[in-house]
Structure formats: C-alpha cells, structure tokens
Amino acid sequence: MDALEVLQKRVSLTKLIEPTPGKSQLTDVFKAASRAADHGKLRPWRFLTIEGDGLSKLSDLLVSALTKSNPGVSPSVVEKTKNMPFRAPMIIVAIAKCQEHPSIPKLEQLLACGAATQNILNALFALNFGAVWRTGDLAYNDHVKQALGLQALEEIVGFIYVGTPAQDIPAPPEVDIENIFSEWPAK
Ligand SMILES: Cc1cc2nc3c(=O)[nH]c(=O)nc-3n(C[C@H](O)[C@H](O)[C@H](O)COP(=O)(O)O)c2cc1C
C-alpha cells in the first residue's frame, strides 16, 4: 500500500493475535509517531509497550484502580475490566508529556500527542498489523497514572491495542466528502 492508501484505508481492528511488531518494526512505528505536527517541537509524547506478563500486571492494576474508585462496582464490570488487557497481545500506552509553556498551551501538546498516536495507528496498518485506540475512565484514573509512572503534567492519551489481525480487513465506511469541506467565501 502506498502512503495515501494507508491513510484512506486504515480501520480499527479488534480481533488481534500474535505476532506483535518486532523491535525494528516498533522503531519504524515510533519514528512515524515522532513526525507528528508539534508546536514548538516540544515532542510532548512518550510510549510504553506492554506484553506478556506486563498485561497481567496491567489487568491487576486496572482492577485495583476500579475497585478503589468505585467500591460498589458489580462483579461483571470487575470481570470485564480484568479481561481488558488481554484483548490483544500488545498494548502501547500513549502518554502526553505536557509541560508548562509560556505560549504553547497544554491543549496543543495533547493534540500533538494525539497526532503522534494516529501516526502509530497508520504505521502499524502500513506494516500489516492491526490496532485500536481505546481510553475509558481508567485512562484518566490517578492510581493507574501513578502506577504506570506518569509525572504530574502527563496524561494517558490512549491504550493502543496491537497485534496481527485475526479477521478480514473491512473496507472503511464511505464518507460524504462534500459535507466536510467547503470553499470560503462561499460561491
Ligand atoms: C481519544 C480516543 C479514544 C477512544 N476510546 C475508545 C474506547 O475506549 N473504546 C472504543 O471502542 N473506541 C474508542 N475510540 C474509537 C476507536 O479507536 C475507533 O476510532 C472507532 O471505533 C472507529 O473505528 P475506525 O478507526 O475504524 O474508524 C477512541 C478513539 C479516540 C481518538
């Protein structure tokens, strides 16, 4: 696939199995992330890769954060949360490494990290891997953030579930292009 085809055809894939990207493929993926638009070249991002036993540790962490923040949570939600990290053989945690800056607000740094994360999805798709970007309440949970080593101004922008697609790649939905752009001033 050429670059434009990747950008136009990428879809989220949720049925993901081994193998995961190897070291050199991950290097390419994170190089692509690093080319995100980035006001002030602050590079406001970093990424954790979690695999194998790390997924079990993440599962324990999510369950303990969930039950701490919501002691009355139902057993079915606990079970669902416990299983979440095992939906793929690898998770990339995308972290916005924000800083106080005189002219570049935190919002712009979060956007830059979001752009880097989208580049990760596109790069993985170009390498024939599947991925899906997820968040949920636990991405914003202080206990989770602290246990994953986030600093005061850092935020989890997404949990990117990664693996080899165990499904046919669906065609992306048709888009009504005419509806998303127009000329200004109108003619
Ligand atoms: C910041 C962000 C958070 C998201 N969180 C979730 C999530 O928690 N669960 C989910 O099913 N999809 C989530 N999504 C949406 C999926 O990643 C995906 O984009 C959506 O299902 C559309 O599929 P597509 O990428 O194939 O168009 C999130 C997307 C973004 C950008």
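Residues numbered from 1 in each chain as written. Predicted model: local features only at pLDDT ≥ 70, side-chain atom pairs only at ≥ 80, totals over all residues. Heavy atoms only, no water.

## Brief notes about the pairing of strand 3 (residues 90-97)
Thinking step 1. In terms of residue burial, strand 3 counts as a mostly covered element, since seven of its eight residues are buried.
Thinking step 2. Where strand 2 (residues 45-51) meets strand 3, seven bridges bridge the pair, whose relative direction is antiparallel. Looking across to strand 3, one finds that Ile50 is bridged to Ile91.
Thinking step 3. Where strand 3 lies against strand 5 (residues 154-165), eight bridges are found, and the strand directions are antiparallel. In the sheet register, Lys97 faces strand 5, and the bridge partner there is Glu154. (Buried < 20%, exposed > 50% of the residue type's maximum accessible area, 1.4 Å probe, protein only. Helix = DSSP H or I, 4+ residues; strand = E, 2+ residues; numbered from the N terminus. Pairing = 2+ DSSP bridges.)

## Points about the pairing of strand 5
Thinking step 1. Where burial is concerned, most of strand 5 is hidden: twelve out of the twelve residues are buried.
Thinking step 2. Of the strand pairs in this sheet, strand 1 (residues 16-17) and strand 5 are connected by two bridges, and their pairing is antiparallel. From the neighbouring strand, Leu16 faces strand 5, where its bridge partner is Pro165.
Thinking step 3. Looking at chain direction, strand 4 (residues 130-134) and strand 5 are connected through five bridges and run antiparallel. Note that in strand 5 the partner of Trp133 across the bridge is Ile160.

## Some points on the packing of helix 3 (residues 53-69) against helix 4 (residues 75-83)
Each pair of packed helices can be described by the angle between their axes along with the distance between the axes.
Thinking step 1. At a closest axis distance of 8 Å, the pairing of helix 3 and helix 4 adopts a crossing angle of 150 degrees. Our classification of the angle between helix 3 and helix 4 gives roughly antiparallel. In this structure, helix 3 meets helix 4 at a crossing whose hand is right-handed. Of the residues in helix 4, those touching helix 3 at Ser59, Leu62, Val63, Leu66 and Thr67 are Val77, Val78, Thr81 and Lys82. (Axes fitted to C-alpha atoms, helices over the stretch in contact; angles between N-to-C directions. Parallel < 35°, antiparallel > 145°, perpendicular 65-115°, else oblique. Left-handed = near helix turned anticlockwise from the far one by under 90°. Contact = heavy atoms within 4.5 Å.)

## As for empty space enclosed by the protein
Thinking step 1. With the rule as written, the count across this model stands at one cavity of 30 Å³ or more.
Thinking step 2. In this model, the largest cavity occupies a volume close to 50 Å³.
Thinking step 3. Per-element tally for the lining of the largest cavity: the top contributor is helix 5 (residues 106-126), with three residues.
Thinking step 4. The residue inventory of the lining of the largest cavity, partitioned by class, reads six nonpolar, one polar and one charged. (1 Å grid on protein atoms, 1.4 Å probe; cavity = no way out; pocket = protein on both sides within 12 Å on 5 of 7 lines; lining within 4 Å. Points joined across faces, edges and corners; volume = space filled by probe spheres on them. Nonpolar A, V, L, I, M, F, W, Y, C, P; charged D, E, K, R; others polar.)

## Some points on the nonpolar core
Thinking step 1. By size, the foremost hydrophobic cluster in this structure holds 25 residues, and its most contacted members are Ile91, Val93, Val144, Leu148, Ile156, Phe159 and Tyr161.
Thinking step 2. Of all the secondary structure elements, the ones that give two or more residues to this core are helix 3, strand 3 and strand 5.
Thinking step 3. It is helix 3 that provides the largest number of residues to this core, a total of five residues.
Thinking step 4. Each residue touching Tyr161, except ones within four places of it in the same chain, is listed here: Leu16, Met84, Pro85, Arg87, Ala88, Met90, Ile91, Gly130, Ala131, Val132 and Arg134. (Core = buried A, V, L, I, M, F, W, Y, C linked by side-chain atoms within 4.5 Å.)

Read these as spatial facts, not as claims about activity.
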